[in-house]
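Spelled out, the chains give:
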Amino acid sequence: MKAITDISIRQGNRPVTGDALPHLQFSDNATKEMYAELAKWLFSLENVEERPTIISVRGARAAWIKDNYSNINEEVLQFGREFTHIHPPMDNEHGGSLHLSLRREDAERVIAKGWGEYHPLDSRIFSDKKFGHVLIYAPRSEEELDNIKTIIESSYKLVTNQN
């Protein structure tokens, strides 16, 4: 897997998102196949299990760090061990955007390259600005999925103290 510093610039316009809660993506969502591929990969990560979300909208699929994993970074997690969640399909769109936390410099890099935007409550969640809470846009292609996997892996390593 490449480093987060190596992600490419996302092509095209930024999707339409909301500026209120729940913070969701409303255009340019993943296809059914891309959504399934993202979920399959995410829930295959070591020490991750799928659970219902405790943070997001009904139907979101949460990636939860397993209870028996002890080297957790409590400073980054907001609720329980849910480190990210995939937003569900809405209105025949196939969802696929997700929220996660990154080191602030990584969050800035991801946003500058067009892969996401800050959550409206970012400054409340991380008032010290050490980390950033970001909406990552849904993948529209295999290339985009590869970049998003790199972003998710960076968050995963942060949460599991592997970097």
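Definitions and limits used
- Residues numbered from 1 in each chain as written.
- Predicted model: local features only at pLDDT ≥ 70, side-chain atom pairs only at ≥ 80, totals over all residues.
- Heavy atoms only, no water.
- Phe/Tyr/Trp six-rings, centres within 6.5 Å; stacked < 30°, edge-to-face > 60°.
- Helix = DSSP H or I, 4+ residues; strand = E, 2+ residues; numbered from the N terminus.
- Buried < 20%, exposed > 50% of the residue type's maximum accessible area, 1.4 Å probe, protein only.
- Pairing = 2+ DSSP bridges.
- Core = buried A, V, L, I, M, F, W, Y, C linked by side-chain atoms within 4.5 Å.
- Contact = heavy atoms within 4.5 Å.

1. What to know about the packing of aromatic side chains
Inference 1: Tallied over the entire structure, the rule returns 2 aromatic pairs.
Inference 2: Ring centres 5.8 Å apart and planes at 55° place the aromatic pair Phe83 and Tyr156 in the tilted group. Remark: Tyr156 occurs in helix α4 (residues 142-159) and Phe83 occurs in strand β3 (residues 82-86); sequence separation between them is 73 residues. We note that Phe83, like Tyr156, is buried.
Inference 3: Relative to Phe131, the ring of Phe126 lies with its centre 5.5 Å away and its plane at 65°, an arrangement referred to as edge-to-face. Taken as a pair, Phe126 and Phe131 share a single burial class, namely buried.

2. Structural notes on the pairing of strand β4 (residues 98-103)
Inference 1: The buried count for β4 comes to 5 of 6 residues, which makes it a mostly enclosed element.
Inference 2: Here β3 runs beside β4; their pairing, made up of 2 bridges, is antiparallel. Bridging from a neighbouring strand, Ile86 pairs with Leu98 of β4.
Inference 3: The pairing of β4 with strand β6 (residues 131-136) spans 6 bridges and is classified as antiparallel. Bridge pairing links Arg103 to Phe131 in β6.

3. Let's talk about the nonpolar core
Inference 1: Counting residues in each nonpolar core, the largest one holds 39 residues, and the members touching the most others are Leu42, Phe83, Ile151 and Ile152.
Inference 2: Put simply, the parts of the chain that give this core at least two residues each are α1 (32-42), β2 (61-65), β3, β4, α2 (104-112), β6 and α4.
Inference 3: With 7 residues, the top contributor of residues to this core is α4.
Inference 4: With near-sequence residues (within four places) excluded, Ile152 lies in contact with Leu38, Trp41, Leu42, Leu45, Phe83, Leu98 and Leu100.

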